[in-house]
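# Report on the structure
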Amino acid sequence: MTKKTVIEVNNVGMEFNLNEERTDSLKEFIIKFIKREIRFQSFWALNNVSLKIYQGEKVGFVGLNGAGKSTLLKIISGVLRPTTGTVKVTGELAPLLALGAGFNQNYTGRENIYLNGATLGHSRAEMTKKFDEIVEFAELEEFIDVPVKNYSSGMKSRLAFSIATSINPDILILDEVLSVGDMAFQAKCRDRMHNMMADASMLFVSHSVGQVRKLCDKAIWLHKGSIIASGEVNEICDQYEAYVKNL
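These remarks concern the structure in this document. (Residues numbered from 1 in each chain as written. Predicted model: local features only at pLDDT ≥ 70, side-chain atom pairs only at ≥ 80, totals over all residues. Heavy atoms only, no water.)

A separate point is the overall build of the protein. When you go through the protein residue by residue, the secondary structure sums to 8 helices and 9 strands. Evaluated residue by residue, the protein yields a buried proportion of 43% over its 247 residues. Across the protein, every contact between residues at least 6 apart in sequence was considered, and the portion connecting residues at least 24 apart equals 71%. When the accessible surface of the protein is totalled, it reaches about 13,300 Å², and 49% of it is carbon and sulfur. (Helix = DSSP H or I, 4+ residues; strand = E, 2+ residues; numbered from the N terminus. Buried < 20%, exposed > 50% of the residue type's maximum accessible area, 1.4 Å probe, protein only. Contact = heavy atoms within 4.5 Å. Areas by Shrake-Rupley, 256 points an atom, 1.4 Å probe, with all protein chains shown as cover.)

Below is the structure:
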C-alpha cells in the first residue's frame, strides 16, 4: 500500500540579507539606506532542500546551530516564504513555534484563546467548545481574565501550548517546545504529545538528540542549509553524534 505524502518540499532555498554596515540608530540607518550607503551580504540559510514526509511519520531534525532546522520548519508552517522552491502541505497543520508569539499583550488570556485559535484557523465555536479544557490544561483558571502582559513567560507558554494542541491536527510541527513550564507540566506536555502523535505526522527540532531518538522513527541531518543524511532515527543520530564528538 502506497503511503500518503503529507508534506513535499522541492528545491527550497532561503536567502537572507545581512547588514554589513554598523549603525547606532534607526535614523542613521534610514539616512544611509536612502543614500544607498548600506551594504548587504547575502546568506543562504537553506540550499536546494528537498524531502517528503509521509502520513504517520515522526521525523526529527538534527544539526548544529545555524544549520537551517528552524528556518525549514517555519517555511513548511507558512511563517516564512522561501526564496526558491515550493512546499506542498496536505492536511491540518499545528505549528508549535515560538509559543505565545502571537498573543496580544493587552488582551486577557480568555481573549487570546479566541485570537490565537483564529490565527491557527479554528472557528470561535470550536474554541468555545474547547475553552474549559484549554484553561484547565494550562492551569490558569484564576488568571484567565488577567491581561497576558501580566503573565510570566511560563504562563504564556503553557497557555499557547494548550491552545495549539487543543484540536488534533494531521501534522505537528515542534521546535524546542517540550521545555514548557516546570517538570510536572513538561510531563503533561509529553503525555499529550504522545496521544496526539498516534495518527499524526510530526516534524521535531531539538538540541536533545535523546529526545529525537525517543519521539521519532526517522531523522534528517541538516548542515549549513543542506541535507547531509536522512534515514532511520538511531542510524542518523549515531552519525551526527560521531561528527559532533570529532569537532
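Glancing now at helix 2 (residues 69–77). Buried residues dominate helix 2, accounting for 7 of its 9 residues. Listed in full, the buried residues belonging to helix 2 are K69, T71, L72, L73, I75, I76 and S77. Where helix 2 terminates, the next one or two residues include G78, which has phi positive at roughly 90 degrees.

In this section: helix 8 (residues 233–245). The end-to-end C-alpha distance of helix 8 is 18 Å, a good match for the 18 Å that 13 residues give at a rise of 1.5 Å each. For helix 8, the complete set of buried residues consists of V233, I236, C237 and Y240. What you see down the axis of helix 8 is that its buried residues fit within an arc of 95 degrees, all on one side. On its buried face, helix 8 is in contact with strand 3 (58–62), helix 7 (209–215), strand 8 (218–223) and strand 9 (226–232). One side-chain oxygen at the N-terminal end of helix 8 lies 3.1 Å from the backbone nitrogen of N234; it belongs to E232. (Expected span 1.5 Å × (residues − 1). Arc of directions from axis to C-beta. Polar contact = N/O pair within 3.5 Å; in protein donor to acceptor, adjacent residues only side chain to side chain.)

So, on to the pairing of strand 3. Most of strand 3 sits inside the fold, with 5 of its 5 residues counted as buried. The pairing of strand 3 with strand 7 (residues 201–205) spans 4 bridges and is parallel. Its bridge partner lying in strand 7, K58 is registered against M202. (Pairing = 2+ DSSP bridges.)

Moving on, we get to the sheet that holds strand 6 (residues 171–175). With mixed pairing, 6 strands are arranged side by side in an open sheet as 5-6-7-3-8-9. In the strand order of this sheet, the two ends are held by strand 5 (93–96) and strand 9, each with one partner. Sheet twist, expressed as the mean angle between neighbouring strand axes with direction ignored, is 15 degrees. Direction of pairing for strand 6 relative to strand 7: parallel, over a ladder of 5 bridges. The partner of L174 across the bridge, within strand 7, is F204. In the packing of helix 2 onto the sheet, contacts are made with strand 3, strand 5, strand 6, strand 7 and strand 8, and the angle to strand 6 comes to roughly 145 degrees. (Axes fitted to C-alpha atoms, helices over the stretch in contact; angles between N-to-C directions.)

All we've got here are geometric facts, nothing functional implied.
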